[in-house]
Amino acid sequence: MSGKYSAATSIQAPAQAKPVLRYAAGATIIMLVAMMADYKLSYLTPVLALSLLAPGIKPLTIKTGLAFLLTIATASISGLLFTRMFINYPLVFLPLIVLAVFHIYYTQKFQKMKVWLIISILVIPMASMQSPVLGSTIALNLFINAFIAVILVTIVNLIFPFEPMTNGKAVPEAPVQWSPYQRYIAARNKILVVMPVLMIFFIFNLSGALLVLIFITILSMNPATASKKAGMAIILSNFGGGMAAILAFNLLTIVPEVIFLGMLVLLAGLLFGKGLFSGKPVSQMFGMAYSTFLLILGNVTSFRGEAGEEVWTRIMQLGIVVVYIVIAFALVDYYSGRREKTLMNG
């Protein structure tokens, strides 16, 4: 029996090790380039690039890469023009933003770039409320983020060629084809969760807390957030990613070297990546934890010299966001379920 176990393990380990190494090393390369370049919103590049390195995602071709960049550029320019036209008419401004985001949630197109599109539509107008120049800067830097992400992911794919996993459960299942009504319900629930935050940002002009809006957007795109059973797992995974980021940040204060930063990101990528590519029911939670790790570490690790207390502020902000997302989705799902039962019984 031990011989059979050893043989099975030796076959399965290399099959899983290559994608995990590609995922972790790719995130490390992108993180280091983004941190050394230190452009505005550079902390978003490795987080958003992870969606192009996730399990089952095929590498971008020249055609799909150009289409990706063209779509992001169009969304950024549209966000700027839309803001300049309607920013002074809030009764038109907010409903149109909500309608645009609802359509992105609803459509089955643009799966690889949905997060980028929603961030463009939400963040650019909110930044433009503070200053039109800031809005233009955010729009330009979102496109730069997308461009750098595509270039670096392409380089990673050349260094670590994409190989589909074929060992049982680790093979990603085909995307579930939802009916138009199911997509409508899912999009409606996500809008009901995001809209209160959007209104608070608009009313109180909270353009200084754009990271919160960005993180809510990223979390809202995760299918697990709509599951009541996954609520605690989401909180724990983000808590784990946050704690790992705090540990890494404290180690970096002792050894403030770029190479050491890369080693920490690589180590975390290997640990979280092993869980992500395991094919287990909770595997997506490891991907969420690693995204949180990169988002916090990238946001507080800057060569411009951020204060050490910044990491705790970010942890608190993201912690509040996670709890809000879980509770909001649970409430929306509960009342949505009650309404469905009432309609069926009526």
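Below: a short report on this structure.

Criteria and cut-off values
Counting of residues starts from 1 at the beginning of each chain's written sequence and follows it residue by residue. For a predicted model such as this one, the threshold for reporting local features is a pLDDT of at least 70, and the threshold for listing and counting side-chain atom pairs is 80 or more; totals across whole chains, interfaces and linings nevertheless cover every residue. Side-chain numbers come from the whole structure's heavy atoms, not from hydrogens or water. Helix and strand labels come from DSSP, where a helix needs a run of H or I of at least four residues and a strand needs a run of E of at least two; each type is numbered from the N terminus. In this scheme, a residue with accessible area under 20% of its type's maximum is buried, one over 50% is exposed, and one in between is partly exposed, where area comes from a 1.4 Å probe on protein chains only. Should any heavy atoms of two residues lie within 4.5 Å, those residues are counted as being in contact. Buried Ala, Val, Leu, Ile, Met, Phe, Trp, Tyr and Cys residues form a nonpolar core when they are joined through side-chain atoms within 4.5 Å. Any Phe, Tyr or Trp ring, taking Trp's six-membered ring, that has another such ring centre within 6.5 Å forms a pair; planes under 30 degrees apart are called stacked, those over 60 apart edge-to-face, and the others tilted. In the analysis that follows, any N or O atom pair within 3.5 Å is treated as a polar contact, provided that within protein one partner can donate a hydrogen and the other can accept it, and provided that, for residues neighboring in sequence, both atoms belong to side chains. To obtain each axis, a line is fitted to C-alpha atoms, and for helices this fit is confined to the stretch in contact; angles are then taken between N-to-C directions over 0 to 180 degrees. Roughly parallel here means an angle under 35 degrees, roughly antiparallel means over 145, roughly perpendicular means 65 to 115, and every remaining angle is called oblique. Residues are grouped as follows: Ala, Val, Leu, Ile, Met, Phe, Trp, Tyr, Cys and Pro are nonpolar; Asp, Glu, Lys and Arg are charged; every other residue, Gly included, is polar.

### Thoughts on the overall build of the protein chain
Here comes step 1: For the protein chain, the count of helices and strands is twelve helices and zero strands.
Here comes step 2: By residue count, 48% of the 346 residues in the protein chain fall in the buried class.
Here comes step 3: By sequence separation, contacts in the protein chain at least 24 residues apart represent 79% of the contacts at least 6 residues apart.

### Focus on the side chain of T45
Here comes step 1: Mapping T45 onto the fold places it in helix α2 (residues 44–49).
Here comes step 2: Those residues in contact with T45, other than ones at most four positions away along the chain, are I30, A34, Y39, N145, I148 and A149.

### Examining the nonpolar core
Here comes step 1: Residues I97, M126, Y290, F293, L294 and L297 are the most contacted members of the largest nonpolar core, which totals 104 residues.
Here comes step 2: Per-element tally for this core: the top contributor is helix α5 (residues 114–130), with eleven residues.

### Brief notes about the packing of aromatic side chains
Here comes step 1: Counting across every chain of the model gives eleven aromatic pairs.
Here comes step 2: Consider the rings of F82 and F86, whose centres lie 5.2 Å apart with planes at 45 degrees: the pair is tilted. Of this pair, F82 and F86 are both found in helix α3 (residues 62–86), four residues apart, which corresponds to roughly one turn of the helix.
Here comes step 3: For F86, a relative accessible area of 23% puts it in the partly exposed group.
Here comes step 4: Measuring from centroid to centroid gives 6.0 Å for Y290 and F293, while their planes differ by 10 degrees, and the two rings are stacked.

### Structural notes on unusual backbone geometry
Here comes step 1: Even without glycine at this site, D38 takes up a positive phi of about 55 degrees.
Here comes step 2: Note on placement: D38 falls in the loop between α1 (2–37) and α2.

### Some thoughts on the environment of S128
Here comes step 1: Topologically, S128 is positioned in helix α5.
Here comes step 2: Remark: the alpha-carbon pair of S128 and T83, spanning 45 residues in sequence, is separated by 7.1 Å.
Here comes step 3: Apart from residues no more than four positions distant in its own chain, S128 is found in contact with L80, T83 and G135.
Here comes step 4: In this structure the side chain of S128 is engaged in a polar contact, spanning 2.8 Å, whose partner is the backbone oxygen of I124.

### Notes on the packing of α3 against helix α6 (residues 132–159)
Here comes step 1: Here α3 crosses α6 at 175 degrees, and the two axes come no closer than 10 Å. In this view, α3 runs roughly antiparallel relative to α6, as classed from their interaxial angle. Of α6, the residues touching α3 (which contributes G65, F68, L69, I72, A73, S76, L80 and R84) are G135, S136, A139, L142, F143, A146, F147 and V150.
Here comes step 2: Of the residues belonging to the contact of α3 with α6, the class tally is eleven nonpolar, four polar and one charged.

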